[in-house]
2 protein chains.
Amino acid sequence: MAGINIKQLAEALNLSTSTISRAFRNNSGIKQVTKDLILAKAKELNYQPNHYASSLRDQKSKTIAIIVPELANNYFSQAIHGIEKVAKGHGYNILIYATEDDFEKEVDVITHLHNGRAEGIIISVSGEAVNHNYLHEFGAKRLPMVQFDRVYEDIDTPKIITDDYESSFKATEHLIDKGCKRIAFLVVQNDLSIGKVRERGYVDALKKHGIAVDESLVINCSNSYEENDPIIKHALQNLHIDGIFASVERLAFATYYACYDLNINIPLDLKIISFSSLEIAPLLNPSLTTVTQPAVEIGSLAAKLLFDILNGKGEQKEAKNKVVLASKIIYRTSTN
Amino acid sequence: MAGINIKQLAEALNLSTSTISRAFRNNSGIKQVTKDLILAKAKELNYQPNHYASSLRDQKSKTIAIIVPELANNYFSQAIHGIEKVAKGHGYNILIYATEDDFEKEVDVITHLHNGRAEGIIISVSGEAVNHNYLHEFGAKRLPMVQFDRVYEDIDTPKIITDDYESSFKATEHLIDKGCKRIAFLVVQNDLSIGKVRERGYVDALKKHGIAVDESLVINCSNSYEENDPIIKHALQNLHIDGIFASVERLAFATYYACYDLNINIPLDLKIISFSSLEIAPLLNPSLTTVTQPAVEIGSLAAKLLFDILNGKGEQKEAKNKVVLASKIIYRTSTN
DNA sequence: TTGTATGCGTTATCAT
DNA sequence: ATGATAACGCATACAA
């Protein structure tokens, strides 16, 4: 541990520890001169109130936790960036955890956080979970939480999501408008709410336009390129697909690679649209038509809602228990 | 704060707090039966040792901090991912901070961390700094630190960097091999060590091949696309450039956009090579030749070195005070 | 305005 | 094997 403690600083100044403490807390009850003196000496001796002692005493940690499935991911990086900005503004620190889509890790982390380490949690859930009642076991002591993007619908916390149904509907419709007849939907199996909702948008758009829904065109993928590559190639070669709607960025990339390998021309032979936060989508070959979620904004909004709760403003949760932000479809060459 | 405390659990079991504590620490000095009993009850009542009390008592926080210039960045996301994996393995938590290239924020964060919050720091420095002697002011109490990528050469900590000089030399040479005569070097001003070293590699390669070094071809950019766009366009239109070596990914992207706008054909009119951690570089139009640093590995190695220090294994720092990892040049169409 | 004393929850030391 | 107690560093209630 670093630095000197309050007692040593008090001695150095011939003051009591309470006076020192006051210099760092209340502006009340302390003479400005004394305060200046203390702060000056503190700086000189490199004193800082010990965070753990303060937290223990105050029962608060000035820390929030972010839990996401993965870190090396455009969408989550941007969301974290948004959260970080807001947290910094509130003088809060951020603990970060990656679950790697592993439900057990998620449970571990959340449980662990209930030891006082964090005051609140911002989470995008692992998605593998079937039963997440463990959250209820914390009872009234459960940490304030805000969910975003991948959420547990039945867990009552504020949620920030995007208009995935509408976006997916429009995305699919866009492909139909462009003449696609056999549109595949690429999804990662364990995506809970997200995957389901996006699939509904896809299905409903097909129905609206009188296109028969073919179950085999809903293609389950994983997060591993090695696993996805053969799956996608098989689909491209055997299912007479002329359009692809990827529910997740990495599946669009895998499709691009597959098309390169198979000499399939995008957009002539196959049109692609994908959910994606990639900022350089215009630089792809061909440029990728995307459904782009406002990732940074989602992050900062999630943080704001969490701080509303922490500051007691959020008791009337009902009002904004679920915030739906709009994604933007950006039309580019891959669907031209 | 959540949960019950050790005292309540002790009462519930008619045991002393010391016994409870033992159940969670030493396996020594406690009967297995008692221990099982305690752990069971703890689970039932949702007890967890309070992290702040433990930390205060033990003077250690099981936490390390990561400080990076930005979060929404491929390279840093991957590095953080690498760090996270290792930290998790050691049972450590991660605090994360973005300096946004602001030296003051860096000083603030580092100073703040010396209040006991973290046991060590992994940092890629802001780069704006001229004088970073503030690090010396912490004296012997300075937190263990490991630097990576952007480092302060004069601060004595382990450093993980890549072979930037050699890579830059080779990158430039590659452009020369491909017939480029007027090669520009794009750099972000405030990149300290990084930018300088990469520039040296560029200059030396030119010299070796008897190409006159033209100062005006070293082009200072910023991190803002809006600022860079006109700078790059001006260069492309007026400096008769036929090759570009971008020291940072985003400058290559800006160049791509500029070329699209100006109808400059890559690689016919202009060849581009860039430092980049972009995994989908092959999907760009045209696919981008990159100098790719092993970002994830850099992160995990940095974490390992930090834990070596924390565990006292790292006292013989000299040995591996500076680790240089190799980057890989991957040849693609942009320099074909 | 400043000082004294107590407790936040835990764990290590020293008993028993 | 278990229990009593002191101490980690700080901030507040209360006293002066």
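About the thresholds
- Residues numbered from 1 in each chain as written.
- Chains lettered and ligands numbered in written order.
- Predicted model: local features only at pLDDT ≥ 70, side-chain atom pairs only at ≥ 80, totals over all residues.
- Heavy atoms only, no water.
- Least-squares fit on C-alpha atoms with pLDDT ≥ 70 in both.
- Contact = heavy atoms within 4.5 Å.
- Near = heavy atom within 4 Å.
- Polar contact = N/O pair within 3.5 Å; in protein donor to acceptor, adjacent residues only side chain to side chain.
- Helix = DSSP H or I, 4+ residues; strand = E, 2+ residues; numbered from the N terminus.
- Nonpolar A, V, L, I, M, F, W, Y, C, P; charged D, E, K, R; others polar.
- Axes fitted to C-alpha atoms, helices over the stretch in contact; angles between N-to-C directions.
- Parallel < 35°, antiparallel > 145°, perpendicular 65-115°, else oblique.
- Left-handed = near helix turned anticlockwise from the far one by under 90°.
- UniProt positions renumbered as here; feature names shortened; annotations may be inferred.
- Buried area = accessible area lost by both parts, 1.4 Å probe.
- Salt bridge = Lys/Arg side-chain N within 4 Å of Asp/Glu carboxyl O.
- Pairing = 2+ DSSP bridges.

Describing the relation of the copies chain B and chain A
Working step 1: It takes a turn of 180° to lay chain B on chain A, together with a shift of 0.0 Å along the axis; the resulting RMSD is 0.1 Å. Such a turn and shift between the copies fits a two-fold axis.
Working step 2: Take the interface residues of chain B: 100% of them recur as interface residues in chain A, which is what a same-surface contact looks like.

Examining the protein's contact with DNA strand C
Working step 1: If you check the shell around DNA strand C, you find 26 residues, and the closest are Ser18(A), Thr19(A), Ile6(B), Arg25(B) and Arg57(B).
Working step 2: Sugar and phosphate atoms constitute 62% of the interface atoms of DNA strand C, taking the interface as everything within 4 Å of the protein.
Working step 3: Between DNA strand C and Arg57(A) there is a distance of 3.2 Å, counted from a base nitrogen to a side-chain nitrogen or oxygen.
Working step 4: The contact in question runs from a phosphate oxygen of DNA strand C to an N or O atom on the backbone of Ile6(B), over 2.3 Å.
Working step 5: When contributions to the surface near DNA strand C are tallied by element, the ones reaching two or more residues are helix 2 (17–24) and helix 4 (51–58) of chain A together with helix 2 (17–24) and helix 4 (51–58) of chain B.
Working step 6: Of the residues forming the surface near DNA strand C, the biggest block, four residues, is contributed by helix 4 of chain B.
Working step 7: Its residues assigned to classes, the surface near DNA strand C shows seven nonpolar, 13 polar and six charged.

Brief notes about the packing of helix 9 (residues 225–238) of chain A against helix 10 (residues 249–262) of chain A
Residues and elements named next belong to chain A.
Working step 1: It is at 9 Å that the axes of helix 9 and helix 10 come closest, and there the two elements cross at 60°. Between helix 9 and helix 10, the interaxial angle falls into the category oblique. The way helix 9 lies across helix 10 gives a crossing that is right-handed. Touching Tyr225, Asn228, Asp229, Ile232, Lys233, Leu236 and Gln237 of helix 9 are Leu251, Ala254, Thr255, Tyr257, Ala258, Cys259, Asp261 and Leu262, all from helix 10.
Working step 2: Tallied by class, the residues present in the contact of helix 9 with helix 10 amount to nine nonpolar, three polar and three charged.

Section: the UniProt feature "domain: HTH lacI-type" (unreviewed entry) in chain A
Working step 1: In the UniProt entry, the feature "domain: HTH lacI-type" (unreviewed entry) is given for residues 4–58 of chain A.
Working step 2: Within the segment residues 4–58 of chain A, helix and strand shares are 69% and 0% respectively, and the terminal C-alpha atoms sit 20 Å apart.

Considerations on the interface of chain B and chain A
The figure often quoted for interface size is the accessible area lost as the parts come together.
Working step 1: At the junction of the two partners, chain B supplies 57 residues and chain A supplies 57 residues.
Working step 2: For the pairing of chain B and chain A, the buried interface totals around 5100 Å² over both sides, and the portion due to carbon and sulfur atoms is 59%.
Working step 3: Between the two partners, chain B and chain A, sit two salt bridges.
Working step 4: With its nearest N and O atoms 3.4 Å apart, the salt bridge here joins Lys88(B) to Glu100(A).
Working step 5: Taken together, the links from chain B to chain A amount to 33 residue pairs in polar contact (both at pLDDT 80 or more).
Working step 6: Put simply, the parts of the chain that give the side of chain B that touches chain A at least two residues each are helix 4, helix 5 (74–89), strand 2 (93–98), helix 6 (103–113) and helix 11 (249–262) of chain B.
Working step 7: When residues of the side of chain B that touches chain A are assigned to their parent elements, the largest contribution, eight residues, is made by helix 5 of chain B.

What to know about the protein's contact with DNA strand D
Working step 1: DNA strand D sits among 27 residues. The nearest are Ile6(A), Arg25(A), Arg57(A), Thr19(B) and Gln59(B).
Working step 2: Near the protein, meaning within 4 Å, the atoms of DNA strand D are sugar or phosphate in a fraction of 64%, with bases accounting for the rest.
Working step 3: Between Ser21(A) and DNA strand D, the recorded distance is 3.0 Å, taken from a side-chain N or O atom to a phosphate oxygen.
Working step 4: Elements represented by at least two residues in the surface near DNA strand D include exactly helix 2 and helix 4 of chain A together with helix 2 and helix 4 of chain B.
Working step 5: No other element matches helix 4 of chain A, which puts four residues into the surface near DNA strand D.
Working step 6: Residue composition of the surface near DNA strand D, by class: seven nonpolar, 14 polar and six charged.

What to know about the sheet that holds strand 10 (residues 289–292) of chain B
Residues and elements named next belong to chain B.
Working step 1: Taken together, six strands build an open sheet; the order of strands is 7-6-8-9-10-12 and the sheet is mixed. Each edge of the open sheet is held by one strand with a lone partner, namely strand 7 (218–221) and strand 12 (328–330). Across the sheet, the mean angle separating the axes of adjacent strands is 20° when strand polarity is ignored.
Working step 2: In terms of strand pairing, strand 9 (residues 271–275) meets strand 10 through three bridges, oriented parallel. Bridged to Ile273 within strand 10 is Thr289.
Working step 3: Across the sheet, helix 8 (residues 164–177) is in contact with strand 6 (183–188), strand 8 (243–246), strand 9, strand 10 and strand 12; its angle to strand 9 comes to roughly 170°.
Working step 4: Lying over the sheet, helix 10 (residues 225–238) contacts strand 6, strand 7 and strand 8, oriented at roughly 165° with respect to strand 7.

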